[in-house]
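Understanding the architecture of this molecule
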Amino acid sequence: MLGASFFDILGSAAANVASLDNLTAIVIGVLTGVVLGAIPGLSGTMAIALMIPLTFHWTPLFSISLLMGCWKGSVYGGSISGILLNTPGTPEAAPTALDGYPLTLQGKSYKALQMALFASVAGALISDALLFAAAPPISLLAVKFGPAEITSLVLFSLVIVAGTGSSSVLKGLIATCLGLYLATVGLDPVDSQRRLTFGILHLDQGIDLLAMMIGLLVLSEVLVQFKEVVTSQTPMRVNTVSLKGPRLTFKEFKRCAGVIFKSSMIGSFCGALPGVGSITAAFVGYDHARVASGHPETFGKGELKGVAAPEAANNAVCGTALVPMITLGIPGSLSVAIIMGAFMIHGLAPGPMLMVEEPVFVYSLFFLLVISDLVLLLLPLPLLPLATWIVRLPRAYLLPAITLFCFFGAYATNQSLFDVQVMVLFGIIGFLLKSWGISAAALLIAFILGPMAETNLRLALALSDGDGLVFLTRPISALFLVLAVASLVLIVRRHRNHRRGEKQSAVNLTLE
Amino acid sequence: MPSRSQKQMSSDFWLGLGIAAGAGIGIVLIRAQVGPLFQARSILPLVGAGGCLILGLCLALHAYSGQMQTSKSVESGMTSMQMMRLTGAIAVIILHAIFLKYLGLVVAGISLQVMLLTLVGSRNIMAITLLPLASVAALYFGISILLGVPLPEGLLWQGG
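Let me begin by describing the structure that accompanies this report. Chains are numbered independently. Their residues run from 1 in the order of the written sequence. For naming, the first written chain is A and the first written ligand is 1, with later ones following in the order written. Where local features are concerned, this predicted model is filtered to residues with pLDDT of at least 70; where side-chain atom pairs are given and counted, the filter is 80 or more; whole-chain, interface and lining totals use all residues. Side-chain calculation: all heavy atoms of the structure are included, whereas hydrogens and water are not.

1. Some words on the pattern of salt bridges
Two side chains carrying opposite charge are able to pair once their charged atoms lie near each other. Residue and element names in this part refer to chain A. One side-chain nitrogen of Lys or Arg within 4 Å of one carboxyl oxygen of Asp or Glu is enough to make a salt bridge. Applying the stated rule across the entire model yields 13 salt bridges over all chains. One salt bridge connects R458 with D188, and the closest N-O pair in it is separated by 3.1 Å. Within this pair, whereas R458 is found in helix α19 (residues 440–463), its partner D188 is found in the loop between β1 (186–187) and β2 (194–195), the two being separated by 270 residues in sequence. Like D188, R458 is buried. A salt bridge links E303 to R255; its shortest N-O distance comes to 3.2 Å. Pair noted here: E303 is in the loop between α11 (277–292) and α12 (304–328) and R255 is in helix α10 (residues 250–272), with a separation of 48 residues, a long-range link. For every residue, the accessible area (1.4 Å probe, protein chains only) is compared with the maximum for its type, and the residue is labelled buried under 20%, exposed over 50%, or partly exposed between those bounds. Residue R255 is classed as partly exposed on the basis of its relative accessible area of 42%. A run of DSSP states H or I qualifies as a helix once it reaches four residues; a run of E qualifies as a strand once it reaches two. Both are numbered from the N-terminal end.

This is how it looks when you write it as structure tokens:
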């Protein structure tokens, strides 16, 4: 009976995804993602955040298809400019450029782009398979979590997120606390009393997530890029790129197959861990391939494995990064936080109950991830000339148009000019945070998790008659708290070692 | 002349103090806008503001004790003209957020882009003219007309 209903769900999900509308959305998403990801300075997160306002008037599945396609496309797109220009379009494509650009200099740019694409698709497919296998059992376990467990889990996630992205742990924690504070603006989730609204009616529903996201992630980045362009010596430089050289042979791909598989596993593992993300995965994948190759000296000089490993690893993050979001309602990375924001805007609440209440939607999501990979395999190569034309454009010409799109994006969802002002405010805040080395991602994730943390914290305290020890006496909750403390200690030690290393290299440099 | 690391230390010191001061104001606001500090609905705002206060002070202390000397520098190294162009761009964006209500997205969008292109250093008249027109046209026809997503129209053009 259970098996039959499972196959019914799978059948319905496949039928949902196979509609022409969704396939069109995936194709448009992948295409947009590849093109935007290829533009240096425009990351995948920016691309997704800019696309969300467009999706507001469409069905949830169509919208999520578009966003997933865009995400997958942007992760690969970053490698295009990395390989052709030695300027990675996205941060996770940085290790790809280490060997990709030397291949371009050797006249093998097309071969490198093909290898990056095939490795990306292989990594993404392996990761999707792991998501498909892991999400249902974790969801079943998570359904049993009570308010105390969820509060401790959120705390654990916040600690991990605070430890990444900022220039120091203290700054990461400050961003997290600021996010929690901002999350309390609006009506109290329990007794519906106004909090920190200053009598502004627009704030009753809280700070608009999309306006905040566009401001913090996109407008702030536009300002950062603007600063780079005005300080650059050649702001209007037109990049010269060429697509030429031999094609990838099956023998060459076969030689890299082992590296692709191992890097995919590394990427999948990194994706499932909150706060680790695709940048770390790409570097770990590259380094592992270099060390395991037996010929590390060939890396950095145009080794195909050096292109395959980081691309497989960073794309393998996409599938498993969705595991904590779908099963626990916890976004482990910035991209997933934005996708989670899109879920929430469309009235879907990611978390263990999503699997129970909307199983067809969740399995549709799995299918559309796989279809996105297949579209990614077929679409980019014929469109590479378009992508290379776009990466030639000077950044200075794109920034004003992106700013205009930010204005539109903030306005479109609620048709509220107040949201536009909120977006601009957070754009400036995000720019200042980046200048000070404070992670906007930690702030955003804390803002998203804030209501969940507050509701469960107050519920846990109410159920235990105000006894704070409830978080320690329940074993799973206590485990998450121990993990939170241990993670904090590890993160502090890692930052300290990193600083010590920097200090040592500065001393060595001075001595030299 | 102060070294790069000294500048960073000083910057973090003032940043920490600034955050702590801001968090102090945040706690006062909780008292005024939420209610007594130690009640259920003040818990999370208090955790947020209190956390910022303590961590801000820790950051200032940490910087003061010179332990953050090797963290990455945030010094901009901008000339006064470059700084003026950046400030100008931020001012233009703020002004457009205010006047969008009156001008509408089409007119405001074109003027915003023309100003930003000028500030970014473009001297190509064709680019300054055509790029704003093309992007606004794409937004208007592609999104407003084709997808039916409304754009702000502007009170000035409605006789209001």
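2. Things to note about the packing of helix α2 (residues 20–38) of chain A against helix α4 (residues 60–85) of chain A
Residue and element names in this part refer to chain A. Angles run from 0 to 180 degrees between N-to-C directions of axes, and those axes are lines fitted to C-alpha atoms, restricted for helices to the stretch in contact. Running from N to C, α2 and α4 point in directions that differ by 30°, and their axes come no closer than 6 Å. What the angle tells us is that α2 and α4 run roughly parallel. Taken as a pair, α2 and α4 cross one another with a handedness that is right-handed. Under this grouping Gly is polar, as are all residues other than the nonpolar Ala, Val, Leu, Ile, Met, Phe, Trp, Tyr, Cys and Pro and the charged Asp, Glu, Lys and Arg. Residue composition of the contact of α2 with α4, by class: twelve nonpolar, eleven polar and one charged. Should an angle lie under 35 degrees it is considered roughly parallel, over 145 roughly antiparallel, and from 65 to 115 roughly perpendicular; all remaining angles are considered oblique. Handedness of a crossing is defined here by the sense of rotation of the near helix relative to the far one, left-handed for an anticlockwise turn of less than a right angle and right-handed for a clockwise turn.

3. Some details on the interface of chain B and chain A
Size of an interface, as often reported, equals the accessible area lost when the parts are brought together. Here, two residues are considered to be in contact whenever any of their heavy atoms come within 4.5 Å of each other. Taken residue by residue, the interface counts 66 residues in chain B and 59 residues in chain A. Here the quantity called buried area is the accessible surface, traced with a 1.4 Å probe, that two parts lose on coming together, added over both. Between chain B and chain A, the buried area comes to about 5,500 Å², and carbon and sulfur atoms account for 79% of it. Connecting chain B to chain A are two salt bridges. The shortest N-O distance in the salt bridge between K171(A) and D12(B) comes to 2.9 Å.

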